[in-house]
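Each chain, written out:
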Amino acid sequence: MLMLTGLPTTSRPVKAVTACPLRAFSVNARRAGSLTPSATLAQLQEDAMPPTNRVADPEDAENTKNSVCPRINMIPVKYTKTIHFVRHGQGFHNVAGQINHDNYKSWEHFDAHLTELGWRQAENLGKHVAATRLPVELVVVAPLQRAMETAVAAFGKHEDPAVAAAAASGAANGNGNGVSSSSGDDVPLLMVAQEGVEGKATAHAAVSGRGCPPFLAHELCREHIGVHPCDKRSSITEYRKRFPGIDFSLVSPDEDVLWTADVRESKEAIRRRGLAFLKWLLTRPEREIAVVTHSSFLHFTLSCFGHGAATQVQGELHKWYENCEMRTVVLTDDSDEGVAAASHGATDPWHFAGGSNAVSGQQQ
């Protein structure tokens, strides 16, 4: 996870120094017979330029950078992702756990739903996303009910239940927060209407996927696994009935084989799972990705980063998330492995080739 900052500019006047080296080069080149008297300035400048993909003294350059600004990092933007991490809204298990922590072990809260407050939190997040015009291209969600309910409430389309049930065509996202994945009458509901169950589930209208970014479930970003029934998922067959607009193709098998009643996942295991998830994110072609997940997963994954950074940066990365809190980070991997993984979808939409292309108007 790298941050790109810059050194402050200075008001000190800078002397023009390009003319002298160019003149000296042209004289020497003509003496060597490599240029004719009629050589153009553009030819001289092009011939004078050193190779642009190789640094002659990399160790000296790196040492200078480390002595002047060791915490500044720079990487081409096409190898970066902007990730909007979201913790789910308040669940019934959260309320019970605040009363007595042992309630997290109760089967009454198996695969917990959002409370009425949790739904309001998620819908208000959706309004914030709309107001800020968050350009989300993909929503990745943990396959647990409270996370998926939060995701559809924050990034889905809210409309009249009759309209939602018909999944009418259209390109505008009701929250104004995403890129349409499809249009037309074949757009499925993100979530079917939900009946209320006292103390377990909140009644809620269906949520349409019309005009919304794709929703993709991924098991690597699920909550702390084991012991607590609230963190055990339902079957994918059941989820597909409740959330027909979410893609569950990356989650298998149908039943939850990772959760066990007597063994709680270690912190080290969560961190490794979280880092594997981040590496997977970097292989995606999308640049702006929302990830709706859970507090322990976020805390232990993000605690791997920022050590040695300013105290404020560490605090923003390592602080436990509140219910329905969203924070945004920039994610990158500039290793050979990371660049290779990202290259199939890596582009720089602002790149201008320059050189002869700047004259001809053609881009490569």
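Since the model is a prediction, treat every value here as computed from it, not as a measurement. (Residues numbered from 1 in each chain as written. Predicted model: local features only at pLDDT ≥ 70, side-chain atom pairs only at ≥ 80, totals over all residues. Heavy atoms only, no water.)

Examining the sheet that holds strand β5 (residues 215–217)
- As summarised here, the arrangement of the six strands in space is β6-β5-β2-β7-β1-β8, forming an open sheet in which the pairing is mixed. The open sheet has two free edges, formed respectively by β6 (246–247) and β8 (326–332), since each of these has just one partner strand.
- Where strand β2 (residues 138–141) meets strand β7 (residues 288–293), four bridges bridge the pair, whose relative direction is parallel. By the bridge assignment, V141 is partnered in β7 with V292. (Pairing = 2+ DSSP bridges. Helix = DSSP H or I, 4+ residues; strand = E, 2+ residues; numbered from the N terminus.)

With respect to the packing of helix α5 (residues 116–131) against helix α6 (residues 145–155)
- Direction vectors running N to C along α5 and α6 enclose 35°, while the axes themselves pass 7 Å from each other. Between α5 and α6 lies a crossing of right-handed hand. Along the contact surface, α5 presents W119, A122, E123, L125, G126 and V129, while α6 presents E149, T150, V152, A153, A154 and F155.
- Residue classes in the contact of α5 with α6 are distributed as eight nonpolar, two polar and two charged. (Axes fitted to C-alpha atoms, helices over the stretch in contact; angles between N-to-C directions. Left-handed = near helix turned anticlockwise from the far one by under 90°. Contact = heavy atoms within 4.5 Å. Nonpolar A, V, L, I, M, F, W, Y, C, P; charged D, E, K, R; others polar.)

Some details on the pattern of salt bridges
- Counting across every chain of the model gives 13 salt bridges.
- Residues K200 and E108 are paired through a salt bridge, measuring 3.6 Å at the closest nitrogen-oxygen approach. Of this pair, K200 sits in the loop between β3 (189–191) and β4 (207–208) while E108 sits in the loop between α4 (92–99) and α5; the two residues are 92 residues apart in sequence, bridging distant segments of the chain.
- Residue R222 pairs with D256 through a salt bridge whose shortest N-O separation is 2.6 Å. (Salt bridge = Lys/Arg side-chain N within 4 Å of Asp/Glu carboxyl O.)

Brief notes about the confidence of the model for the protein chain
- Residues with a pLDDT of 70 or more make up 76% of the protein chain, whose mean pLDDT is 83.
- Between residues 1–35, whose pLDDT stays under 50, and residues either more than four places distant or in other chains, the model counts 33 contacts.
- The model gives residues 167–184 a pLDDT under 50, and that stretch makes 60 contacts with residues more than four places away or in other chains. (pLDDT = per-residue confidence, 0-100.)

Details of the packing of aromatic side chains
- Going through the model one piece at a time under the given rule, you end up with six aromatic pairs.
- Taking the centre distance of 5.9 Å and the plane angle of 20° together, the rings of Y239 and F248 count as stacked.
- Pairing F300 with W320 gives two aromatic rings, centres 5.8 Å apart and planes at 85°, and the pair type is edge-to-face. Of this pair, F300 sits in helix α10 (residues 295–302) while W320 is found in the loop between α11 (311–318) and β8, placing the two residues 20 residues apart along the sequence.
- A network of ring pairs unites the aromatic residues W107, F110 and W259 as a single cluster. (Phe/Tyr/Trp six-rings, centres within 6.5 Å; stacked < 30°, edge-to-face > 60°.)

A look at the nonpolar core
- In terms of nonpolar packing, the biggest core is built from 55 residues, with F155 and L281 touching the most fellow members.
- Take this core: its biggest share by element is seven residues, from α6. (Core = buried A, V, L, I, M, F, W, Y, C linked by side-chain atoms within 4.5 Å. Buried < 20%, exposed > 50% of the residue type's maximum accessible area, 1.4 Å probe, protein only.)

Quick look at the environment of A122
- With respect to the element layout, A122 can be found in helix α5.
- By relative accessible area, A122 is classed as buried at 0%.
- It is 8.5 Å that separates the C-alpha atoms of A122 and V152, two residues lying 30 residues apart in sequence.
- Beyond its immediate chain neighbours, meaning those up to four positions away, A122 contacts T150, A153, A154 and C324.

Observations concerning the environment of G209
- Note that G209 resides in the loop between β4 and β5.
- You can call G209 buried: its relative accessible area is 8%.
- With 21 residues separating them along the chain, G209 and P188 place their C-alpha atoms 6.0 Å apart.
- Sequence-distant contacts of G209, that is, excluding residues within four places in its chain, are made with V187, P188, L189 and L190.

Re α5
- With 16 residues, α5 extends 23 Å between its outermost C-alpha atoms, agreeing within 8% with the 22 Å of an ideal straight helix rising 1.5 Å per residue.
- Along α5, the residues that are buried comprise G118, W119, A122, L125, G126 and V129. The buried side chains of α5 occupy one side of the element, clustering within an arc of 120° when seen end-on. In α5, the exposed residues that point more than 90 degrees away from the buried face are E116, K127 and A131.
- Its buried side turned inward, α5 meets β1 (80–87), α6, β3 and β8. (Expected span 1.5 Å × (residues − 1). Arc of directions from axis to C-beta.)

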